[in-house]
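# Understanding the architecture of this molecule
Here are the chains, one letter per residue:
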Amino acid sequence: GAARPRLAFLGTGYLGATYAICFAELGYEVLGFDVDEAKIAKLAAGQVPFHEAGLDELLRTNLAAGRLRFTTSYTEVADFADVHFICVGTPQRGDGMGADLSYVETSVTNLARHLTRRVLIVGKSTVPVGTAEWIEQLVAKHTDPELGIEVAWSPEFLQEGFAVEDVLRPNRIVVGVKSEWANGMLYAAHKGVFDLAATEDREVPLVVTDFATAELVKVAANAFLATKISFINAMAEVCEVAGGDVTQLARAIGYDPRIGNRFLQAGVGFGGGCLPKDIRAFQARAQELGAGEALRFLHEVDLINQRRRSKVLQLAAELLDRRSGPAGPDLSGTRIAVLGAAFKPNSDDVRDAPSLAVAAALAKAGADVHVYDPQGMENARVAQPALHYESSMAEAVTGAELVCVLTEWADFRNADPQALGELVAAKRVIDGRNCLDALLWARAGWEYRGMGRPAPAV
Ligand code: UDX
């Protein structure tokens, strides 16, 4: 019944696995489904197939408690759950712009074919607006209308590294529904979240809306965040020519609560599996709908983001005293250490990582590039096999004529410039995340370059 609906999460990638585990933790009976047998076997054996703080332990305790199971069978998942969350991937299409919905189509179709009673199917993956209506048609085509199966939409806002917190203690829940029944089912499916908040004297705002709005909320939020980052990176570009310091500028404008100080970190820009892909897919969809002009600025947001990557190359050429031709700088014969491969710290994710893109560009310009990252090495090797990978920060910087810090891991932020100075061939550093103590490094004899801030006067 709706008091404690049984939940299924279809697609046990980053999103689905995290949700399945956290909702079991909230006390629900949960079944995780995936077509990937290896992934399901791993999860069933208590191993999270990716790195996310705190998740391993929750997986094991909830498996042990019997609230959480995993399957590759559509029959089993269709029999089990009252609410089915669709969490499969929506990768970028071959054309580089729109989203590929083939996994959504396959999972919904196969699930629908096996359903024998009234359930709710809830979309969670990031999709183009209009997808919920399309899923509704798919479901209608593959199920008996007598069953009264309904569709709803509920976007997620997970940040890697904080995913467990974001699921257990979200700052809002958004649901797009068409009926009171669907609304009630979704409320019941989230009651554990509301109950937890109540015990902690918090409230989780609930926004109940239509399909289109619910779908748009997710991409609008990501577009806003991407814009905020590109805004401060644009200010960094201006600071570079005007002689200003973007870190102080960000601090100063961030005190205005209307602006806020978060997501104003200038640097080598945004990456990851969401922001870059989502702003492109959003533009493509708006174009299809005839509102391309409304999102034209997102193209500019993307360009600013790409320019920050090129800026690192330009700074490298400058520091190494290499001339830049029309094809970019020639860095042949130089040895460069790149610290950071993950798109952000506390993650092993290298998808669209600015750090790895810059490392590859430096190598393409002829440099001998040695990369180190505390968590992202395995994924980086697959994404950029031609680079050299070292097993420690010390090994990466040994003999380097330039060190580029491109992901702000605590290990790098707290590194001792004196000690590192003894390993390198020349003390030059590009702080691609403005995360180092510039004065400390300059005093240790390093030639320091940040992003959008002047070199420190020693
Ligand atoms: C993002 C959204 O934050 C999340 O709500 C959504 O559900 C998925 O996309 P995530 O991809 O995990 O989450 O990363 P996030 O922490 O948002 O960082 C994205 C990128 O922006 C990173 O490459 C990060 O380095 C960069 N960034 C972030 C900046 O360059 N400056 C900032 O001030 C903040």
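Residues numbered from 1 in each chain as written. Predicted model: local features only at pLDDT ≥ 70, side-chain atom pairs only at ≥ 80, totals over all residues.

### Quick look at the nonpolar core
If you look at the biggest cluster of nonpolar residues, it comprises 137 residues, and the most contacted ones within it are Ala316, Leu339 and Cys404. It is helix α9 (residues 211–242) that provides the largest number of residues to this core, a total of twelve residues. In this view, Leu339 contacts Tyr372, Met393, Ala396, Val403, Cys404, Val405, Leu406 and Phe412; residues no more than four positions away in its chain are not counted. (Core = buried A, V, L, I, M, F, W, Y, C linked by C-beta atoms within 7 Å. Buried ≥ 20, exposed ≤ 12 C-beta atoms within 10 Å, placed from the backbone. Helix = DSSP H or I, 4+ residues; strand = E, 2+ residues; numbered from the N terminus. Contact = placed C-beta atoms within 7 Å.)

### Quick word on the pairing of strand β14 (residues 402–405)
Residues Leu402 and Cys404 of β14 are buried on one face, and the alternating residues Val403 and Val405, pointing to the opposite face, are buried as well. Taken together, the four bridges between strand β11 (residues 335–339) and β14 define a ladder with parallel strand orientation. When the sheet's bridge partners are listed, Leu339 is paired in β14 with Val405. In terms of strand pairing, β14 meets strand β15 (residues 428–431) through three bridges, oriented parallel. The residue of β15 that forms the bridge with Val403 is Val429. (Pairing = 2+ DSSP bridges.)

### Overview of the UniProt feature "active site" (unreviewed entry) in the protein chain
Taking the UniProt record as the reference, the feature "active site" (unreviewed entry) is found at Cys274. In this structure Cys274 comes out as buried when scored by C-beta crowding, with 24 C-beta atoms within 10 Å. With sequence-adjacent residues up to four places away left out, Cys274 is seen in contact with Thr126 and Asn222. (UniProt positions renumbered as here; feature names shortened; annotations may be inferred.)

### Let's talk about the UniProt feature "domain: UDP-glucose/GDP-mannose dehydrogenase C-terminal" (unreviewed entry) in the protein chain
The positions that UniProt labels "domain: UDP-glucose/GDP-mannose dehydrogenase C-terminal" (unreviewed entry) are, in the present scheme, residues 337–438. Span residues 337–438 is 32% helix and 18% strand, its end C-alpha atoms 18 Å apart.

### Quick look at helix α1 (residues 14–25)
Its twelve residues place the ends of α1 17 Å apart at the C-alpha level, agreeing with the 16 Å of an ideal helix rising 1.5 Å per residue. Of all twelve residues that make up α1, twelve are buried, and the element is covered over most of its length. Along α1, the residues classified as buried are Tyr14, Leu15, Gly16, Ala17, Thr18, Tyr19, Ala20, Ile21, Cys22, Phe23, Ala24 and Glu25. Once α1 ends, the next one or two residues include Gly27, with phi positive near 110°. (Expected span 1.5 Å × (residues − 1).)

### As for the domain arrangement of the protein chain
Domain parsing of the protein chain yields domain 1 (7–209), domain 2 (219–304) and domain 3 (305–449). In this complex, domain 1 contributes five residues to the contact, which on the side of domain 3 involves six residues. Of the residues contributing to the side of domain 1 that touches domain 3, the split by class is two nonpolar, two polar and one charged. (Domains from an automatic or database assignment. Nonpolar A, V, L, I, M, F, W, Y, C, P; charged D, E, K, R; others polar.)

### Quick look at the sheet that holds β14
Strands sit in the order β13-β12-β11-β14-β15-β16 across an open sheet of six strands; the sheet is parallel. Among the strands making up the open sheet, the edge pair consists of β13 (388–389) and β16 (447–449). Packing against the sheet, helix α12 (residues 296–319) makes contact with β11, β14, β15 and β16, and its axis sits at approximately 165° to β15. Sheet contacts for helix α13 (residues 354–364): β11, β12 (368–372) and β14; angle to β12, the most-contacted strand, approximately 160°. (Axes fitted to C-alpha atoms, helices over the stretch in contact; angles between N-to-C directions.)

### Looking at the packing of α12 against α13
Relative orientation of the contacting elements α12 and α13 amounts to 45°, with a least axis distance of 9 Å. Classified by the angle their axes make, α12 and α13 are oblique. Regarding α12 and α13, the two cross each other, and that crossing is right-handed. Contacts from Arg309, Val312, Leu313 and Ala316 in α12 reach Pro354, Ala357, Val358, Ala361 and Leu362 in α13. (Parallel < 35°, antiparallel > 145°, perpendicular 65-115°, else oblique. Left-handed = near helix turned anticlockwise from the far one by under 90°.)

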